[in-house]
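Secondary and tertiary structure notes
Now for the letters of each chain:
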Amino acid sequence: MNTEALKDLLYKIADDQLILGHRNSEWTGFGPMLEEDIAFSSMAQDKLGHSLAFYKILHELGEAEPDTVAFTRNANQFHNCQLVELPIGEYDFSLIRHFLFDNAEILRFDMLTRSSYEPIAKVATKLKGEVKYHVLHANTMIKQLGSSTDEAIERLQNSLNEALPYALGIFEKSKFDNELIAEGIFEGEEKLQTQWLENIKKVLSQTHLELPDLNTITPKFGGRYGEHTEHLQPLLDEMAEVFSIDPTAEW
Amino acid sequence: MYGGGNIFEATKFDDLATEDPVKLAEFEARIARGEKIEPNDWMPELYRKQLIRMIEQHAHSEIIGALPEGTWITRAPGFRRKMAQMAKVQDEVGHGQLLYSAAETLGKSREAMLTDLINGKSKYSNVFNYPAVTWADSNIISWLIDAGAIVNQMANAKGSYGPYCRALDRICAEEAFHLKYGHDAVVHMATGSPKQREMIQAALNRWWPPIMTFFGPSDKMSTHTETLVRWKVKMATNDECRQQFLDMYVPKIWELGLTVPDPKLHKNADGVWEYTEPDWVEFKEVINGNGPCNKERLAVRRTAEEKGAWVRRALLAPKKEAKYIKPLA
Ligand SMILES: [Fe+2]
Ligand SMILES: [Fe+2]
Ligand SMILES: [Fe+2]
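Residues numbered from 1 in each chain as written. Chains lettered and ligands numbered in written order. Predicted model: local features only at pLDDT ≥ 70, side-chain atom pairs only at ≥ 80, totals over all residues. Heavy atoms only, no water.

1. Considering the overall build of chain A
Within chain A, the secondary structure is distributed over 10 helices and 0 strands. Its helices and strands in sequence order give chain A the pattern α-α-α-α-α-α-α-α-α-α, from N to C terminus. For chain A, the proportion of its 251 residues judged to be buried stands at 62%. Relative to all contacts within chain A whose residues are 6 or more apart in sequence, the contacts with residues 24 or more apart total 81%. Carbon and sulfur atoms form 50% of the exposed surface of chain A, whose accessible area is close to 9,500 Å². Separation between the mean location of the 22 positive side-chain charges and that of the 42 negative ones in chain A comes to 7 Å. (Helix = DSSP H or I, 4+ residues; strand = E, 2+ residues; numbered from the N terminus. Buried < 20%, exposed > 50% of the residue type's maximum accessible area, 1.4 Å probe, protein only. Contact = heavy atoms within 4.5 Å. Areas by Shrake-Rupley, 256 points an atom, 1.4 Å probe, with all protein chains shown as cover. Lys, Arg positive; Asp, Glu negative; His and termini not counted. Charge placed at Lys NZ, Arg CZ, Asp CG, Glu CD.)

2. As for helix H6 (residues 118–145) of chain A
In this model H6 of chain A runs 40 Å from its N-terminal to its C-terminal C-alpha over 28 residues, within 8% of the 40 Å that 1.5 Å per residue would give. When the local axis directions of H6 of chain A are compared, the greatest deviation, roughly 45°, occurs at Leu-127 of chain A. (Expected span 1.5 Å × (residues − 1). Bend = angle between axes of the 7 residues up to and from the residue.)

3. A look at the pattern of salt bridges
For the coordinates displayed, the defined rule picks out 41 salt bridges over all chains. Residue Arg-110 of chain B is joined to Glu-35 of chain A by a salt bridge in which the shortest nitrogen-to-oxygen separation is 2.6 Å. Of this pair, Arg-110 of chain B sits in helix H4 (residues 110–118) while Glu-35 of chain A sits in helix H2 (residues 34–60), on two different chains. Taking the relative accessible area as the measure of exposure, Arg-110 of chain B reaches 17% and is therefore buried. Glu-305 of chain B is paired through a salt bridge with Arg-301 of chain B; the nearest N and O atoms lie 2.9 Å apart. Linking Glu-305 of chain B with Arg-301 of chain B, this pair stays in helix H11 (residues 294–316), spanning 4 residues, or about one helical turn. The exposure classification of Glu-305 of chain B matches that of Arg-301 of chain B, with both residues buried. Beyond isolated ion pairs, a larger network of salt bridges with shared partners links Asp-110, Arg-114, Lys-128, Glu-187 and Lys-191 of chain A. (Salt bridge = Lys/Arg side-chain N within 4 Å of Asp/Glu carboxyl O.)

Structure below.
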């Protein structure tokens, strides 16, 4: 088995979760209502837990400790898609991002439960239930708000248009995609995107939101290869602010 | 947290003049027998008013109290702390939610309470008008402010209003975890590198004066609360709570090799703690809006309310009819 390919897969999964978890946690204390504060915080905790689980697999494969990996790398060493690093914006943007990302994440987890690499399959099986709740939350809110006031529909539509190019970046293939498929480790980004599209269409069709024609959209690629927006490095600096006072200390 | 230092309105001689004396006597007898008062039971207006005031202040303290520690979520060092900090602050917001529901049973809506908070009409625990300057400040809050809150809430949980007591029972169970978390974080700092020890001592120095005011003004200067004590609204005096807190936590602080920044602080032979009287003039000033963070805290809350208004409006709106779905070709 190609360890490089495996590590590449694990890094992109874990980095997505860490960065989105971090972003979602920024809603604590600022949500549009207490229930959403709590929901975003709870999903943030899950995401962080998921990233930790995947960083642990990486550690077993010879990478540094999870804390070191998460708190000391620079932006160009991160493999997350750019979607997750964008600022939280207003609630409509955060909700749309959560909807687009988690609908892909649940399918990714589902695929990973069938991975030929057992540690991945085990973690995916164990944590999949949590992602299910994230999807349930996203879909419920999108269905409800997407069929409510004109104001809400307009906001969500604008955010959907804005987020979609970045969401397509979730499925940017790594150079190991074919290899991972051949080895039965991961079923590939293309298959993932096809199923994702079907699922989000199903939800959006029950709302007043329109999915733009994907053929007219240029995906925001680069994240999987360490190219990021200007928003990632400041996020990482903030995350490491205390840790970097003394990286050898026990906090 | 953070039910400490409730500010009660002084009760006036004629507050009860308009109440039905028979019902009032029965009400007081029930409380004396240790029964709980439930939302639909008869209660004097003063009881209702003071309870709304107290529970509302407590709820506000939870969600405003989430802010100083909340600013450290994104900066918490390492996975373990980052996840625990998130969970801890989330709990506080959850406490707010529970308490607003408890207060709503007395007839004031959450929206109305939040509006009064933003307008500065209702108060919250004064300690949150001070800044959490470093990560160590956040640890001191998690440990010692939550410790203070537990002293207060354990007392209040034995009060007379059913919904508040039940909310407090749930809250206290979670607070016990906060206390453990806060203590563990402080222990790591206090036994860590010289830099960490310096950080935690500096944070304790900053937070000790606000902590000493957490339970509210000294009994010598408090307004008359005899009726509230009889009605089991106020369950312990401010000084009783402060003494209990000092007795439980000063030894634990000393154990860690930290210095409490009060040269007068010691326990007398009779078991009573002596300390430098907190600056109650500053306390009043801060409560009235002139503390280091009052404006920032309320501005954050106001922004959240304003930016989230469209979501609350949308969730109340009737569902728009389904759009026309194009049949498949
Ligand atoms: Fe608390
Ligand atoms: Fe609390
Ligand atoms: Fe707490």
